[in-house]
Amino acid sequence: MQLIDTHVHINFDVFEADRLAVRDNWREAGVVRLVHSCVEPAEYAGIQALADQFPELSFAVGLHPLDVDKWTLQMAAQILSLASADSRVVAIGEMGLDFFKAKNQQEQKAVFTEQLVIAQQLNLPVIIHCRDAAADMAKILQDFWENNGSVRGVMHCWGGTPEQTQWFLDLGFYISFSGIVTFKSAKQVKDSAAMVPRERLLIETDCPFLAPVPKRGKRNQPAYVRYVAECLAQLRGVPIETIANQTTENACELFGLDLPSNSIDTEAA
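In short, a report on the structure. Quick caveat: nothing in here was measured; it's all calculated off a predicted structure.

1. As for the nonpolar core
Working step 1: Residues I92, L141, F168 and F177 are the most contacted members of the largest nonpolar core, which totals 77 residues.
Working step 2: With 15 residues, the next largest nonpolar core counts V35, A91, V154 and L257 among its residues.

2. Notes on helix α5 (residues 134–148)
In an α-helix, one turn spans 3.6 residues; hence positions three or four apart end up facing the same way.
Working step 1: When the terminal C-alpha atoms of α5 are compared, their 20 Å separation across 15 residues agrees well with the 21 Å that a helix rising 1.5 Å per residue should span.
Working step 2: On its buried face, α5 is in contact with β4 (89–98), α4 (105–122), β5 (126–131), β6 (153–155) and α6 (162–170).
Working step 3: Positioned one or two residues after α5, G149 has a phi angle of 105°, which is positive.

3. A short note on the sheet that holds β4
Working step 1: What the eight strands build is an open sheet, ordered β1-β2-β3-β4-β5-β6-β7-β8; its pairing is parallel. Two strands close off the open sheet at either side, each with one partner strand: β1 (3–8) and β8 (201–203). Strand-to-strand, the axes of this sheet are offset by a mean angle of 30°, without reference to chain direction.
Working step 2: In terms of strand pairing, β4 meets β5 through five bridges, oriented parallel. Within β5, the residue paired with M95 across the bridge is I128.
Working step 3: Here α5 sits on the sheet in contact with β4, β5 and β6, set at roughly 145° to β5.

4. Quick notes on the environment of A77
Working step 1: Considering the arrangement of structural elements, one finds A77 in helix α3 (residues 75–85).
Working step 2: Take A77: its relative accessible area is 48%, and that puts it in the partly exposed class.
Working step 3: In this structure, the C-alpha to C-alpha distance between A77 and I118, residues 41 residues apart in sequence, is 8.7 Å.

5. Considering the environment of E204
Working step 1: In this structure, E204 sits in the loop between β8 and α8 (225–236).
Working step 2: The class for E204 is buried, based on a relative accessible area of 0%.
Working step 3: For the pair E204 and T6, spaced 198 residues apart in the sequence, the C-alpha separation amounts to 5.0 Å.
Working step 4: E204 has contacts with D5, T6, H7, H156, C157, S176, F177, S178, G179, V225 and V228, leaving out every residue within four places of it along the chain.
Working step 5: Only 2.9 Å separates the side chain of E204 from the side chain of H156, close enough to count as a polar contact.
Working step 6: There is a polar contact of 2.8 Å between the side chain of E204 and the side chain of S176.

Rules used in this analysis
Residues numbered from 1 in each chain as written. Predicted model: local features only at pLDDT ≥ 70, side-chain atom pairs only at ≥ 80, totals over all residues. Heavy atoms only, no water. Core = buried A, V, L, I, M, F, W, Y, C linked by side-chain atoms within 4.5 Å. Buried < 20%, exposed > 50% of the residue type's maximum accessible area, 1.4 Å probe, protein only. Helix = DSSP H or I, 4+ residues; strand = E, 2+ residues; numbered from the N terminus. Expected span 1.5 Å × (residues − 1). Contact = heavy atoms within 4.5 Å. Pairing = 2+ DSSP bridges. Axes fitted to C-alpha atoms, helices over the stretch in contact; angles between N-to-C directions. Polar contact = N/O pair within 3.5 Å; in protein donor to acceptor, adjacent residues only side chain to side chain.

Next up, the structure:
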């Protein structure tokens, strides 16, 4: 069984002491590909070095909505250049809107739209962070679609209602679920996870954050994406192998990933 964790931050300092052990854990768990997200372009060189070290790692480049104060006139060109410089860059992001932690809504919207333009120019998908901003996000994407043409991507670490989920499905987006879906209190997330079409479903850890049950409260790591897959299998009434196969296929389709020929079979691990 093969799994793909479509959103990680293993460059963070909390992995500095034992990153190789964390790598061994994800390989043992059957995680054969990872997509490393990017909070700001200054992370690019460090993430690129991790991809040199771990060949199963692909990555993105972009600016997180909580860091839009770092946006400059030169950053759009910088993101465009960096994304073009390495074939392992498979997405722009993470980018989006976060109205829960910040109120600079107009600035966030402007920077988000500029990054949509870059993604469309490079024909790359976007990794979208959306918190307490689903209606505004859907409007921006709909307007962009009508004025500039479609853009593809994923709503990462999704926590919206089924109604909101449908908005983004209608726009052609994939929906990715994190450890939140395993939380007992996350009813609307569970409801959304049950209704997403199988060809649009993705899984992630968003590590080191949001460790799933039964690891909740601990530092999250890519190996724990298996718990997300297990939860989705229970919610959707299918074997975990079905979730693993479908989400792996979907991740390869969205991000243009190839599966390694020597992948670990977790049934034997």
